[in-house]
Amino acid sequence: MSTSTSSTRGGGGSDPTLDAIVGERGHLTNLAYRLLGSLAEAEDAVQETYARWYAMPKQKQEAVESPGAWLTTVAGRICLDLLGSARARRERYVGEWVPEPLPDRAEWISGAAGGGAGPIDPADRVTLDESVNMAFLVVLESMTPAERVAFVLHDVFRYPFAEIAAIVGRTPAACRQLATSARRRVSAAQVPTAPTAGQAPLVRNFKEAWEARDIKALVGLLAPDAAMIADGGGLVGAALRPIEGSARIAEYLIQIADRAPGLELLERSVNGRPGLVARHTGVTVTVAAFELSGDRVTRIWAVRNPEKLGPWLEGADPGRPR
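A brief structural summary. Being a predicted model, the structure only gives us computed values, none of them experimental.

Right, let's talk about the packing of aromatic side chains for a bit. Taken as a whole, this structure holds four aromatic pairs when the rule is applied. Between phenylalanine 136 and phenylalanine 151, the ring centres sit 5.9 Å apart and the planes meet at 35°, which makes this aromatic pair tilted. Here phenylalanine 136, found in helix α6 (residues 134–141), pairs with phenylalanine 151, found in helix α7 (residues 145–156); they are 15 residues apart in sequence, far enough to count as distant. The same class applies to phenylalanine 136 and to phenylalanine 151, which are both buried.

As C-alpha cells, then:
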C-alpha cells in the first residue's frame, strides 16, 4: 500500500533551492489528505507547514539537513493536532460525517480546489490509490489521532518508526504498537484493498435502475443488510442517520428522484473507484461512493455537503460521454 518513500524526499544539503522546497507540496498534500480525510483541511495544513518554513530565518533554513524530512515532520504534527480538535468538532456535526470525495485526475476541476484560475498543478493532486478509497478512509476515522498518524505514515508511506516517533511524540516501540492496533481495525472492518472487478458494471446497473425508478431492480442490486450514509452537514437535506436494509435504501432513492425532477446521474471515478455523481439543474448535488461484496452493493456513502464538493462544482463535465 506504499504511496511514497521515506523522508529522504527532497534530499539534504545546506542550501536548498526554492524548487526543492515547493516540490514537496504534492507529497505533503497526499499525506495530509489521508490523515485528515478532507482536502480543504489538508491544503490548510500544508499551507501552515510552508508558512512555518518561510518564517524561519535563512540561517536556520540552511541548517536543516533534509528540508523534506522537516516539512513532513511539521505537517504530521499539524495534522495530529487537527485530528485531536476534529473529534470535538465532529461531535457537533449535523448528521453523519463522511470524508471528502475526490474525482479522477481527468475530471478534476481547474482551480476549484487550489483557488486559482488555471489548472491545478498535477503535483498538488492527491494520488488515487487503495489508501484513499472511501471504505479505507472511513476506517481511518475510527482510529485515535495517534493510531491514524502512525499507521498512515508507516503502512502507507513507509516511514520508519524512529521518524514517526519524532512526529507523534512517543517512542518507536509505542508507535509500532499504535500501527499494529490500527492494522487490527482495518482487518476487522474487512476493507477491500483492491477494486472489485465487477464494480463498474454494477454501479452502471445501479444508475440505470435508479433512473428508471425500478425499486425491485435496486433491491436486487443491494445486499439485504446494506447501509447508506448521507452527509449534508446541516447545509442541505440528508438523512441524519444511516439508512439500513436494501428495501429502505431503494425507497429512499426513489423518493429523492421523485423530489428532484430532471436529476442527472453520471458515472464518475470517486476516490479511485467507480461511483456516481448526481446533478440537478446542471449543479453537482451529490457524490456517491460504493462498497461492494460479490455482486451486491453493501455500502453507499453519499456526500451532499456543498463544502465538500468543491472539486466537483464548476464545469465538472470533462466532455466524455457516459
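Next, the rest of the story.
With that out of the way, let us pick up the sheet that holds strand β4 (residues 273–280). Pairing is mixed across the open sheet formed by six strands, whose spatial order is β2-β1-β6-β5-β4-β3. Here the strands that pair on one side only, and so sit at the sheet edges, are β2 (243–244) and β3 (264–270).

Here the focus is the environment of aspartate 258. Mapped onto the elements, aspartate 258 comes out in helix α12 (residues 246–259). According to the relative accessible area criterion, aspartate 258 is partly exposed, its value standing at 48%. The spatial distance from the C-alpha of aspartate 258 to the C-alpha of arginine 213 is 8.7 Å, given a sequence separation of 45 residues.

Here we take up the packing of helix α2 (residues 25–36) against helix α3 (residues 39–55). For the pair α2 and α3, the least separation of the axes is 8 Å and the interaxial angle reads 130°. Classified by the interaxial angle, the pair formed by α2 and α3 is oblique. For the crossing formed where α2 meets α3, the hand is right-handed. Contacts between α2 and α3 pair Arg25, Leu28, Thr29, Ala32, Tyr33 and Leu36 from the former with Leu39, Glu41, Ala42, Ala45, Val46, Gln47, Thr49 and Tyr50 from the latter. Classifying every residue of the contact of α2 with α3 gives nine nonpolar, three polar and two charged.

Before going further, it helps to spend a moment on the nonpolar core. Within soluble globular proteins, side chains that are nonpolar generally end up buried alongside one another. Ranked by internal contacts, the top residues of the largest apolar core, which has 63 residues, are Tyr33, Val149, Phe151, Val152 and Ile164. In this structure valine 152 touches Leu31, Arg34, Leu35, Leu140 and Phe157, once residues within four positions along its chain are discounted. By size, the runner-up hydrophobic cluster in this structure holds 29 residues, among which are Ala209, Leu218, Ala226 and Ile254.

Since the α-helix packs 3.6 residues into each turn, any two residues three or four apart lie on the same face. The end-to-end C-alpha separation of helix α9 (residues 172–189) is 26 Å, in line with the 26 Å expected for 18 residues at 1.5 Å each. Here the buried face of α9 lies against α6, α7 and α8 (161–168). Note on α9: the residue one or two positions beyond its end, glutamine 190, has a positive phi of about 55°.

Turning to the pattern of salt bridges, a few remarks are in order. In this structure the tally under the stated criterion is 10 salt bridges. The salt bridge involving arginine 185 is made with glutamate 147; its shortest N-O contact spans 2.9 Å. Taken together, the residues arginine 185 in helix α9 and glutamate 147 in helix α7 connect sequence positions 38 residues apart. Lysine 207 is paired through a salt bridge with glutamate 211; the nearest N and O atoms lie 3.2 Å apart. You can see lysine 207 and its partner glutamate 211 sitting in helix α10 (residues 199–211), four residues apart, about one turn around the helix.

On to the environment of arginine 158, then. Looking at where arginine 158 falls in the secondary structure, it is placed in the loop between α7 and α8. On the basis of relative accessible area, arginine 158 is assigned to the partly exposed category, the value being 41%. At 3.3 Å, the side chain of arginine 158 and the backbone oxygen of aspartate 155 are in polar contact.

Before going further, it helps to examine the packing of α2 against α7. The geometry of α2 relative to α7 is characterised by a closest axis approach of 10 Å and an angle of 135° between their N-to-C directions. Comparing their axes, α7 and α2 come out oblique. You can see that α2 and α7 cross each other, and the crossing is right-handed. Touching Leu31, Arg34, Leu35 and Leu36 of α2 are Arg148, Val149, Val152, Leu153 and Val156, all from α7. Among the residues forming the contact of α2 with α7, the class breakdown is seven nonpolar, no polar and two charged.

Basis of the calculations
Residues numbered from 1 in each chain as written. Predicted model: local features only at pLDDT ≥ 70, side-chain atom pairs only at ≥ 80, totals over all residues. Heavy atoms only, no water. Phe/Tyr/Trp six-rings, centres within 6.5 Å; stacked < 30°, edge-to-face > 60°. Helix = DSSP H or I, 4+ residues; strand = E, 2+ residues; numbered from the N terminus. Buried < 20%, exposed > 50% of the residue type's maximum accessible area, 1.4 Å probe, protein only. Pairing = 2+ DSSP bridges. Axes fitted to C-alpha atoms, helices over the stretch in contact; angles between N-to-C directions. Parallel < 35°, antiparallel > 145°, perpendicular 65-115°, else oblique. Left-handed = near helix turned anticlockwise from the far one by under 90°. Contact = heavy atoms within 4.5 Å. Nonpolar A, V, L, I, M, F, W, Y, C, P; charged D, E, K, R; others polar. Core = buried A, V, L, I, M, F, W, Y, C linked by side-chain atoms within 4.5 Å. Expected span 1.5 Å × (residues − 1). Salt bridge = Lys/Arg side-chain N within 4 Å of Asp/Glu carboxyl O. Polar contact = N/O pair within 3.5 Å; in protein donor to acceptor, adjacent residues only side chain to side chain.

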